[in-house]
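Chain by chain, the residues run as shown.
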Amino acid sequence: MLQLVEKPSQEALERGAILQFSRCPVELPSAEDQQFLREGLGPFLRRKNVSWYPLAEKLTGLQAPASVAARAGRLLREHSLRVREFLVSAIPEFTRGWEPGTCSFRPLEEKGRGLSSHASNELVHVDAGAYGATHGDRILRFFVNLNPSRDRIWISKGSFEELWRRHGASAGVVSGGLEPTPFGRAYSAVLRVFPMGRVIDTSPYDRRMRRFHNWMKDTPAFQEGPSQRFAFPPYSAWMVLTDGVSHACIEGQHALVDTFIVPLKNCKLPAPYHLLAGLRA
Ligand SMILES: [Fe+2]
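The notes below deal with the structure included here. The numbers attached to residues start from 1 for each chain and follow its sequence in the written order. Where local features are concerned, this predicted model is filtered to residues with pLDDT of at least 70; where side-chain atom pairs are given and counted, the filter is 80 or more; whole-chain, interface and lining totals use all residues. Values shown for side chains rest on all heavy atoms present in the structure; no hydrogens or waters enter the calculation.

**Remarks on the side chain of Ser159**
Counted only if it meets this: Only DSSP runs of H or I covering at least 4 residues are called helices, and only runs of E covering at least 2 are called strands; the numbering of each starts at the N terminus. Whether two residues are in contact is decided by their heavy atoms: any pair within 4.5 Å suffices.
By the element assignment, Ser159 lies in the loop between strand E7 (152-156) and helix H5 (160-167). Ser159 has contacts with Met1, Gly244 and Val245, leaving out every residue within four places of it along the chain.

Laid out in structure tokens, this is it:
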């Protein structure tokens, strides 16, 4: 499941690989700026993540003096641009027509944060709804461990397809039509006009994915089953379609996470949408 690579591959991503770069393939913020992210934001945190929304040009998660907020916003904006540039040139067909989502800095220790189970990164899940409705479009995430001395630790219990075939029936997530109603379609079309509209949008696909996400986090027997463990060393980077590969971050502090929504039509292999809609056996 983990592949050490120098260049990303669309096919490997679609097959459910976690692609790891031993050194981050994009230039990182300077040592001083990294230190500012790790140590300068703590007193001003209002949420678990500090996030830059490129389309809305908005920073969330901080209540800070203007100079602190401006520096954090600039660093995340610049990192987001570098990641985008790298991915667009590395996997041009897959990124065509994509929507850049947030660039977030995660400053808190992931181990033992004691969040509610649906918000916890420590429980294995596939991503659904955290960034709003996708209607079947894919969630691509690019991570960098910005901790200078400690690994970031993930576990996985397999791909969406494996888990859905094994647990879909008990989770009440079976295959069947995913066409929105005419009202649902019109509602989504109106929301899509606004940069943040995705966050309050919904669809039959997103509700079914969310149900599976919640079932995973709410089912102790599932969480206690066997997992694979991955350690991402300081300054390494990795990327994965997080709606297609189950994951949990169980340990680590200080990561940069870029999220992108990739059009479903760019996929060459069956995606969760095709499986849930019953379009692929
Ligand atoms: Fe996740």
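Structure's up, so let's keep going.
**Quick look at the sheet that holds strand E8 (residues 228-232)**
Backbone hydrogen bonds hold the strands of a sheet together, and the pairing may be parallel or antiparallel. As a reminder, the rule being used: For two strands to pair, DSSP has to find at least two bridges joining them. Lines fitted to the C-alpha atoms define the axes, with helices restricted to the stretch that makes contact. Angles between their N-to-C directions range from 0 to 180 degrees.
If you trace the 3 strands from one edge of the open sheet to the other, you get E8-E7-E10, paired in antiparallel fashion. Every other strand in the sheet has two partners, leaving E8 and strand E10 (248-251) as the edge strands with one partner each. Going across the sheet, the axis of each strand differs from the next one's by a mean of 35°, ignoring polarity. In this sheet, E10 lies alongside E7 in antiparallel orientation, the contact comprising 3 bridges. Bridged to Ile153 within E10 is Glu251.

**Overview of the packing of H5 against helix H7 (residues 204-218)**
Spelled out, the test is: By the definition adopted for this analysis, an angle is roughly parallel if under 35 degrees, roughly antiparallel if over 145, roughly perpendicular if from 65 to 115, and oblique otherwise.
Interaxial distance between H5 and H7 falls to 12 Å at its minimum, and their mutual angle equals 80°. The orientation of H5 with respect to H7, classified from their angle, is roughly perpendicular. Contact residues: Phe160, Leu163, Trp164 and His167 in H5; Met209, Phe212, Trp215 and Met216 in H7.

**Remarks on unusual backbone geometry**
Glycine aside, the phi torsion of most residues is negative, and most peptide linkages are trans. Put simply, the rule is: Buried residues are those whose accessible area, probed at 1.4 Å on protein chains only, stays under 20% of the maximum for their type, while exposed residues exceed 50% and partly exposed ones sit between those limits.
Unlike most non-glycine residues, Glu57 shows phi in positive territory, near 50°. Tracing the chain through its elements places Glu57 in the loop between strand E3 (50-53) and strand E4 (58-60). Residue classification places Glu57 among the exposed residues on the basis of a relative accessible area of 61%. The phi dihedral of Tyr235 falls on the positive side, at around 70°, and the residue is not glycine. Take Tyr235: it is sitting in the loop between E8 and strand E9 (237-241).

**A look at the coordination of the iron ion**
Test applied: Sites may look incomplete because water is not among the atoms; the donors themselves are N, O and S atoms within 2.8 Å of the metal, or within 3.2 Å for Na, K and Ca.
Protein coordination at the iron ion: the donors are His125 (NE2), Asp127 (OD) and His247 (NE2), at 2.1 to 2.2 Å from the metal. Sequence positions of the residues that donate to the iron ion give the spacing H-x1-D-x119-H. Linking Asp127 in the loop between strand E5 (99-106) and strand E6 (138-145) with His247 in the loop between E9 and E10, this pair joins segments that are 120 residues apart in sequence. Looking at Asp127, the relative accessible area reads 6%, which means it is buried. By relative accessible area, His247 is classed as buried at 6%.

**What to know about a nonpolar patch on the surface**
This is how it is decided: A residue counts toward a patch only above 30% relative accessible area and without a salt bridge, and it is joined to like-charged neighbours within 9 Å or, for Val, Leu, Ile, Met, Phe, Trp and Tyr, to nonpolar neighbours within 5 Å. Shrake-Rupley sampling with a 1.4 Å probe provides the accessible areas, and residues are treated as covered by the protein chains on show and by no other component. Salt-bridge detection follows one rule: a side-chain nitrogen of Lys or Arg within 4 Å of a carboxyl oxygen of Asp or Glu.
The grouping of Phe183, Tyr187 and Ile200 at the surface amounts to a nonpolar patch, some 360 Å² of accessible area in total. Along the chain, Phe183 falls in helix H6 (residues 182-191).

**What to know about the side chain of Arg38**
As a reminder of what qualifies: Positive charges come from Lys and Arg alone, negative charges from Asp and Glu alone, with His and the N- and C-terminal ends not counted. Any pair of nitrogen or oxygen atoms within 3.5 Å is treated as a polar contact; in protein, a donor-acceptor pairing is required on top of that, and neighbouring residues in sequence qualify only through side-chain atoms on both sides.
Take Arg38: it is sitting in helix H2 (residues 31-40). One buried charged residue, Arg38, remains without a salt bridge, the closest side chain of opposite sign being Glu39 at 5.2 Å. A distance of 2.6 Å separates the side chain of Arg38 from the backbone oxygen of Leu146, its partner in a polar contact. Those residues in contact with Arg38 that lie beyond four places of it in its chain are Phe105, Leu146, Pro148, Tyr235 and His254.

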